[in-house]
Amino acid sequence: MKCPYCDSDDTRVINSRPAEDGSAIRRRRHCDVCGRRFTTYEKVETIPFMVIKKDNTREPFDRAKIEKGILNACHKRAVSLQQIEKMVLEIETQIFEAGDKEVTSTYIGELVMEKLRLVDEVAYVRFASVYREFKDATTFLLELEKLNWSKEN
Ligand SMILES: [Zn+2]
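Everything quoted here is computed from the prediction, not taken from an experiment.

Thresholds, definitions, all that
- Residues numbered from 1 in each chain as written.
- Predicted model: local features only at pLDDT ≥ 70, side-chain atom pairs only at ≥ 80, totals over all residues.
- Heavy atoms only, no water.
- Donors = N, O, S within 2.8 Å, 3.2 Å for Na, K, Ca; no water.
- Helix = DSSP H or I, 4+ residues; strand = E, 2+ residues; numbered from the N terminus.
- Buried < 20%, exposed > 50% of the residue type's maximum accessible area, 1.4 Å probe, protein only.
- Contact = heavy atoms within 4.5 Å.
- Core = buried A, V, L, I, M, F, W, Y, C linked by side-chain atoms within 4.5 Å.

At this site the zinc ion is bound by Cys-3 (SG), Cys-6 (SG), Cys-31 (SG) and Cys-34 (SG), with donor distances of 2.3 to 2.4 Å. Counting the intervening residues between successive donors of the zinc ion yields the motif C-x2-C-x24-C-x2-C. Of the two residues, Cys-6 sits in the segment before β1 (11-18) while Cys-34 sits in the loop between β2 (25-31) and β3 (37-42), which places them 28 residues apart along the sequence. The class for Cys-34 is partly exposed, based on a relative accessible area of 31%.

Structure below.
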């Protein structure tokens, strides 16, 4: 990213976070040459990503899929659309920060679970049960136990 003041290429990101309306990533940047700071807004949709699926095939990253998965998990739960949007954007941001052109669907799934776990435990378990394809009740209960364990600590 070029510095808008002195045109230098030596700029670095100080911090990144979702813009208030959730449609972009806001980055504060610092220019190492002239020392000035500036802000950029980046639309996540414009960044091309490939997702590596479990069978090793690739497909373009699709935020709608993450959104749908979270929406389903949060069905009839006390989670607002705004919270869901925020989670989706945070996940996109994290993937983007990792700097890879390809991410595994497993990694995305883990990120979704991480977010859901903090927002709504029922939604988390729902998502996890679909995502991890719990084969029996035991695996499911183990997951619940993990939740209780983290609560006590
Ligand atoms: Zn500069």
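Let us now look at the environment of Tyr-107. If you trace the backbone, Tyr-107 turns up in helix α3 (residues 105-119). If sequence neighbours within four positions are ignored, Tyr-107 has contacts with Gln-94 and Ile-95.

Our next topic: the nonpolar core. Within the largest apolar cluster, 25 residues are counted, with the highest numbers of intra-cluster contacts made by Ile-66, Ile-70, Ile-95, Ile-108, Val-112 and Leu-116. For this core, the secondary structure elements donating two or more residues are α1 (63-73), α2 (81-98), α3 and α4 (121-131). If you tally residues by element for this core, the top one is α4, at six residues. Not counting chain neighbours up to four residues away, the residues in contact with Leu-116 comprise Ile-70, Ala-73, Cys-74, Met-87, Glu-121, Ala-123, Tyr-124 and Phe-127.

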